[in-house]
Amino acid sequence: MKYISTRGASPLKSFSEVLLAGLAEDGGLYVPQEYPHISASQLDQWRDLSYPELAFEIMRLFIDDIHEPVIRFLVEKTYCAENFGTDEITPVRRLNDGVHILGLSNGPTLAFKDIAMQFLGNAFEYVLTHQKKTLNIIGATSGDTGSAAEYAMRGKRGIKVFMLSPAGKMSAFQRAQMFSLQDENIFNIAVDSMFDDCQDIVKAIQADAAFKQEYSIGTVNSINWARVMAQTVYYFKSYFDITGDNDEKVSFCVPSGNFGDICAGHVAKQMGLPIDRLIVATNENDVLDEFFQTGVYRPRQAKDVVVTSTPSMDIAKASNLERFVFDLVRRDPEQVKALWAEINTGKGFNLSRKLKAMKNFYGFDSGKCTHAQRIETIRQVWADDKQVIDPHTATAVYLARKMRQPNEKIVCMETALPAKFDDTIKEALGEDFAVPRPEHYVGIEDKPQRITNMPNNAVAVKMFIKENI
Ligand SMILES: *Cc1c(COP(=O)(O)O)cnc(C)c1O
């Protein structure tokens, strides 16, 4: 399996190259040359596999340049009870009203990003050691992505992480989660400014090609193909968990931001997994709902992004959408290039005819959920099921209940645990409500923290990186 860019102007790449590169040289996203097709009998053989066995079977179809015993080693090291709490890794549960919830957030940082990021950490370490290279990852975070990256890369040979965050702007829990890491290869930099400034510093460093080259600077953003690949596994796993045979269809409802999670569902469906609908759940920042309802994609300005109780879905544009649009335009890179050129001039594009014609084939649908609806859903699920769900997951449960058709089986992705969003849970369930917290996080706010405070200045950050690698 080789990889091509959605914009058509990058040479064919192997898996390891795509893993380390992230974005393609022509500005596009890497996708496999074609999706492997899984036959019905192959699906039958996979039905009873454990999570790591299934991950191995799926990933070996996408990885062309790492020996199979090594792939097996990497998935077994990643997908174990020690990292994810149970041997099931992603357990499915059923609410009283029949909607299913897929537990994707039992990893080290209590959000679904761990599932792909933990694999990435192990894959990076192997590939870098093998190629005798090192990598210095820089990133900016306002919460989830930074912690998932740090917990995935901590203690890994050949890798250092420099993570910028806005000083004093994250919750006490989020700060403690990142800043209490004492690993020598993890550097938390609290910038005396806002998140956007942190991101600008990262962009400035990325734009300095000489610096990037000399100090082996890289990133781990959500457009990395390996993350999408790793996420396809739980679509298969949960499908097998709640069906009796392959004649049944299952729909998925996915709290979406950058379109990475649900893009993995799209890949799984194209591989032949009997998925009915892929429901894109958005919050008040509804650029994706607008696209799937009208065919018009109209990225917002950063200043128009609304801050909500679902911060991980507060986006102006959805980077991974380019992978789906590439398929929608029959994998014509010239069209993708033209469409994104429109976007870069501040306009959007309109694919309503194509989207309508292909609606059943791709199965995408969408909906939007407001803060009041999330709060109400958190209350309902607590009242009916004595379960606490996080506000992101609540967007999916709200829409699954609203959009469900008779006899449709819907799986909602649980993309974070409520412990990460204390304030919203208390708003829904009462000030005195004791939000459940996994044992290893009890008292984390009291642990010693290791951070460097810096001014809002890219040169100062560069100096710090130089001194510490
Ligand atoms: C990242 C994230 C999302 C959005 O996932 P995408 O892959 O960006 O669509 C949803 N919920 C939570 C809690 C997240 O951390």
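For the structure itself, consult the block above.
The text that follows walks through the structure, step by step, so that each part is easy to find. (Residues numbered from 1 in each chain as written. Predicted model: local features only at pLDDT ≥ 70, side-chain atom pairs only at ≥ 80, totals over all residues. Heavy atoms only, no water.)

1. Comments concerning the side chain of E322
Then, number 1: Inspection of the secondary structure assignment puts E322 in helix α14 (residues 321-328).
Then, number 2: Classification of E322 by relative accessible area gives buried; the value is 2%.
Then, number 3: Apart from residues lying up to four places away in sequence, E322 is in contact with T6, R7, G28, L29, V336 and W340. (Helix = DSSP H or I, 4+ residues; strand = E, 2+ residues; numbered from the N terminus. Buried < 20%, exposed > 50% of the residue type's maximum accessible area, 1.4 Å probe, protein only. Contact = heavy atoms within 4.5 Å.)

2. Regarding helix α13 (residues 287-294)
Then, number 1: Turning to α13, its buried residues are V287, L288, D289, F291 and F292.
Then, number 2: Looking at the buried side of α13, the elements it contacts are β10 (275-282), β11 (296-297), α14, β12 (349-350), α16 (352-357) and β13 (364-368).
Then, number 3: Looking one or two residues beyond α13, the residue adopting positive phi is G295, at roughly 85 degrees.

3. With respect to the packing of helix α9 (residues 195-207) against helix α21 (residues 458-468)
Helix packing geometry: the angle between the two helix axes and the distance between the axes.
Then, number 1: Orientation of α9 relative to α21, taken along the N-to-C sense of each, is 65 degrees, at an axis distance of 9 Å. By the criterion of interaxial angle, the relationship of α9 to α21 is roughly perpendicular. Considering only the axes of α9 and α21, their crossing is right-handed. On α21, the residues touching I201, A204 and I205 of α9 are A458, V461, K462 and I465.
Then, number 2: Residues that form the contact of α9 with α21 fall into these classes: six nonpolar, no polar and one charged. (Axes fitted to C-alpha atoms, helices over the stretch in contact; angles between N-to-C directions. Parallel < 35°, antiparallel > 145°, perpendicular 65-115°, else oblique. Left-handed = near helix turned anticlockwise from the far one by under 90°. Nonpolar A, V, L, I, M, F, W, Y, C, P; charged D, E, K, R; others polar.)

4. Some remarks on the site of the ligand
Then, number 1: In the region of the ligand, 15 residues are neighbours, and K113, G257, N258, D261 and T415 sit closest.
Then, number 2: The separation between an oxygen atom of the ligand and a polar side-chain atom of K113 is 2.5 Å.
Then, number 3: One of the backbone N or O atoms of N258 is found 2.7 Å from an oxygen atom in the ligand.
Then, number 4: When the free accessible area of the ligand is taken as 380 Å², the share hidden by the protein chains comes to 97%.
Then, number 5: Residues that form the shell around the ligand fall into these classes: five nonpolar, seven polar and three charged. (Near = heavy atom within 4 Å. Polar contact = N/O pair within 3.5 Å; in protein donor to acceptor, adjacent residues only side chain to side chain. Areas by Shrake-Rupley, 256 points an atom, 1.4 Å probe, with all protein chains shown as cover.)

5. Looking at the sheet that holds strand β15 (residues 452-454)
Then, number 1: The five strands lie next to each other as β8-β5-β6-β7-β15, forming an open sheet whose pairing is parallel. If you trace the sheet from one side to the other, it starts and ends with β8 (217-218) and β15, each paired once.
Then, number 2: Two elements, strand β7 (residues 186-191) and β15, share three bridges in a ladder whose sense is parallel. Each bridged residue has a counterpart across the sheet, and for I189 the counterpart in β15 is T452. (Pairing = 2+ DSSP bridges.)

6. Some details on the packing of helix α3 (residues 51-62) against helix α11 (residues 225-242)
Then, number 1: Between α3 and α11, the least distance of the axes is 9 Å, while the angle of their chain directions is 135 degrees. Taken together, α3 and α11 sit at an angle that is classed as oblique. For the pair α3 and α11, the sense of crossing is right-handed. Contacts between α3 and α11 pair Y51, L54, A55, I58, M59 and F62 from the former with W225, M229, A230, T232, V233, Y234, F236, K237 and F240 from the latter.
Then, number 2: Among the residues forming the contact of α3 with α11, the class breakdown is 13 nonpolar, one polar and one charged.

7. Considering a negative patch on the surface
Then, number 1: A cluster of acidic residues, D423, E427, E431 and D432, forms a negative patch at the surface.
Then, number 2: If you trace the backbone, E431 turns up in the loop between α20 (422-429) and β15. (Patch = residues over 30% accessible without salt bridge, like charges linked within 9 Å, V, L, I, M, F, W, Y side chains within 5 Å. Salt bridge = Lys/Arg side-chain N within 4 Å of Asp/Glu carboxyl O. Lys, Arg positive; Asp, Glu negative; His and termini not counted. Charge placed at Lys NZ, Arg CZ, Asp CG, Glu CD.)

8. Describing the pairing of strand β6 (residues 159-166)
Successive side chains on a regular strand alternate, one facing one side of the sheet and the next facing the other.
Then, number 1: Among the eight residues in β6, seven count as buried, and that is most of the element.
Then, number 2: Pairing analysis gives six bridges linking strand β5 (residues 135-140) to β6, with the strands arranged parallel. Opposite G139, over in β6, you have M163 as the bridge partner.
Then, number 3: Assessed by its sense of winding, the connection that carries the chain from β5 through helix α7 (residues 144-153) to β6 is right-handed.
Then, number 4: Pairing of β6 with β7 involves six bridges; the strand directions are parallel. Counterpart to V161 in the pairing with β7 is I186.
Then, number 5: Note that the unit made of β6, helix α8 (residues 172-179) and β7 has a crossover that is right-handed. (Right-handed = clockwise from strand over helix to strand, strands pointing away.)

9. Some words on the pairing of β13
Then, number 1: Burial of β13 is extensive: four of the five residues sit out of reach of the surface.
Then, number 2: For β10 and β13, the ladder comprises five bridges, and the chain directions are parallel. In the strand pairing of β13, T282 is matched with K368.

10. Quick notes on the sheet that holds strand β4 (residues 100-103)
What holds strands together in a sheet is hydrogen bonding between their backbones, with the strands either parallel or antiparallel.
Then, number 1: Within the open sheet, the six strands sit side by side as β3-β4-β14-β9-β10-β13. Their pairing is mixed. Each having just a single partner strand, β3 (92-94) and β13 make up the two edges of the open sheet. Between one strand and the next, the sheet's axes are offset by a mean angle of 25 degrees, whatever the strand orientation.
Then, number 2: Summarising the sheet, strand β9 (residues 250-255) and strand β14 (residues 410-414) pair through three bridges and their orientation is parallel. Within β14, the residue paired with S251 across the bridge is I410.

11. Remarks on the nonpolar core
In a soluble, globular protein the nonpolar side chains are often hidden away together inside.
Then, number 1: Among the nonpolar cores identified, the biggest contains 112 residues, and M59, Y79, Y235 and F259 are the most heavily contacted of them.
Then, number 2: Here this core gets twelve residues from one element, more than from any other, and that element is α11.
Then, number 3: If you look at the next biggest cluster of nonpolar residues, it comprises 26 residues, including I375, I389, C412 and A428. (Core = buried A, V, L, I, M, F, W, Y, C linked by side-chain atoms within 4.5 Å.)

Remember, this is a structural readout, not a statement about activity or role.
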